[in-house]
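Read off the chains here:
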Amino acid sequence: MKLDDIGNTPLLEIERLANNGNRIFSKCEFMNPTGSHKDRTYLNIVSALESKGVIKKGMTLIDCSTGNGGAALAWIGKEKGYSIKIFMPEGMTEERKEQIRSFGAQIIETPKETFLNGSVNGAKKYLERHNDGDTYFLDQANTLLNKEAWHACGEEIVEALKTKGVVPDFFICSIGTGGTFSGIAEILKREYKNITTIGIEVDRSAPLYASRNGLDFEHHSHNLMGVGAGVLSVNTVSSLIDDVMVVDDGESWGRMKRFIAECDLGIGPTCGANLVVCEQISKLFDNKNIVTLFFDSSWKYKSRWDGLYPEYVGG
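With an unreviewed UniProt entry as reference, the protein chain is termed cysteine synthase, source organism Pseudomonas karstica. The UniProt entry for the protein chain carries this comment under Catalytic activity (unreviewed entry): "O-acetyl-L-serine + hydrogen sulfide = L-cysteine + acetate". UniProt, in its Cofactor (unreviewed entry) section for the protein chain, records the words "pyridoxal 5'-phosphate".

A. The arrangement of the environment of Ile184 in detail. Here Ile184 is to be found in helix α7 (residues 179–191). For Ile184, a relative accessible area of 0% translates into the label buried. In the structure, Ile184 is positioned 31 residues away from Cys153 in sequence and 6.4 Å away in space, judged by C-alpha atoms. Sequence-distant contacts of Ile184, defined by excluding residues within four places in its chain, comprise Trp150, Cys153, Gly154, Ile157, Phe171 and Leu293.

B. Molecular detail of the pairing of strand β2 (residues 23–28). Burial analysis of β2 places 5 of its 6 residues in the buried class, which makes it a mostly covered element. Pairing geometry for strand β1 (residues 11–13) and β2, over 3 bridges, is antiparallel. Within β2, the residue paired with Leu11 across the bridge is Lys27. Looking at chain direction, β2 and strand β10 (residues 289–294) are connected through 6 bridges and run parallel. In the sheet register, Lys27 faces β10, and the bridge partner there is Leu293.

C. Just the side chain of Thr93, in detail. Of note, Thr93 is situated in the loop between β4 (83–89) and α3 (94–102). In terms of polar contacts, Thr93 uses its side chain to reach the side chain of Arg96, at 3.1 Å. Filtering out sequence-adjacent residues up to four positions away, Thr93 remains in contact with Lys300, Tyr301, Ser303, Arg304 and Tyr309.

D. Representation of the side chain of Thr292 within the structure. Tracing the chain through its elements places Thr292 in strand β10. Exposure remark for Thr292: the relative accessible area of 0% places this residue in the buried category. Of note is the side chain of Thr292, whose polar atom sits 3.3 Å from the side chain of Asn274. Excluding its chain neighbours within four sequence positions, the residues that come into contact with Thr292 are Phe25, Ser26, Lys27, Ile172, Asn274 and Cys278.

Each value, and the rule that gives it
Residues numbered from 1 in each chain as written. Predicted model: local features only at pLDDT ≥ 70, side-chain atom pairs only at ≥ 80, totals over all residues. Heavy atoms only, no water. UniProt positions renumbered as here; feature names shortened; annotations may be inferred. Helix = DSSP H or I, 4+ residues; strand = E, 2+ residues; numbered from the N terminus. Buried < 20%, exposed > 50% of the residue type's maximum accessible area, 1.4 Å probe, protein only. Contact = heavy atoms within 4.5 Å. Pairing = 2+ DSSP bridges. Polar contact = N/O pair within 3.5 Å; in protein donor to acceptor, adjacent residues only side chain to side chain.

Below, the structure written as C-alpha cells:
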C-alpha cells in the first residue's frame, strides 16, 4: 500500500437497484488502502498540518475513533514517521482493533458508558499530561481539514458523472462527523444547482433530525458505528443538507447483507443505511439520478456479524 493509492475510487452504477427509471451510483470509498473512506480524511489532515509546520515527523499524534479513522491514521502515521495513539470506546470490532495495532499504533479504550464523548475526554486529558510540544490532538470531528479532504472526492464524482453524461438529482449520505457529507455536498451544489442533498442519521441518535423537526434529542446506543455519536460537529454544515432522514440500525445491517449476497461486493453496515434511503427515494420519484457512498468494508465487522454489540444493548 502507498499513500498515492488513496482516492480516485470508482463510481459504480448499481444496476440491480434500478427501478422507475432511476439510476443509483455509489462512490466506492471502501476500496481505499485501509478499507475505508477515512484514508482521505487523515491524509489531508496530516499533510495540511505538516505543510503549516504544526506537526513534524517523530511527534505523537492522537485522535478518537470507533475504528476506521483509527486504522487510517495508524497507517498514514506509520508511513510518515509518527507515533500514533487511538482513543476508542470499549466494544468495537476485533478486526478494526487488530488492524490498528498491525500498523504499530496503540489503542487506549475508554468506558462504553460515555461512548465517543469519553474518548474525546480521554484524549484531552492525555494531552494535558503530555503538553510538551511533542504530542498533537488531531480532533478529526472539530477540524475543518476533515471537510476539506472531501472536496477532491466531490471533484472526482463530478468528473465521473460528466464522463457518463449524467446530471445528479440527489446526493444521499449518512452523517458521522459530517466532513464527508459536507465536503462532497459543497462541490456538488456548486456544480449542480438543482441537486437535492439528503443526510442520514440513525433513528436512535439523530440530533439534526430532532432539531429540524422540533423534537427533544436524546442519544441512545445503536449498532451503526461511525454514525450517530450524539453530537453535531463543526463539519456538519446544516445549510448543505436539504433534508434529513433516519434509518433503523437493524434494517441497515440487513440491507448490507442482502446487497453482499446479491452483488458480491463487501460493503459495511453504514453503506446499508445509504442503500435503504436510496431505495426509499427511488420509490417516490421516476427517472432520477442518485449518488451515494460506500464508506467501508464488511470484513471489518466479521466478529460482530450478527449486528450485536452487547456492550451497548439497552443504552
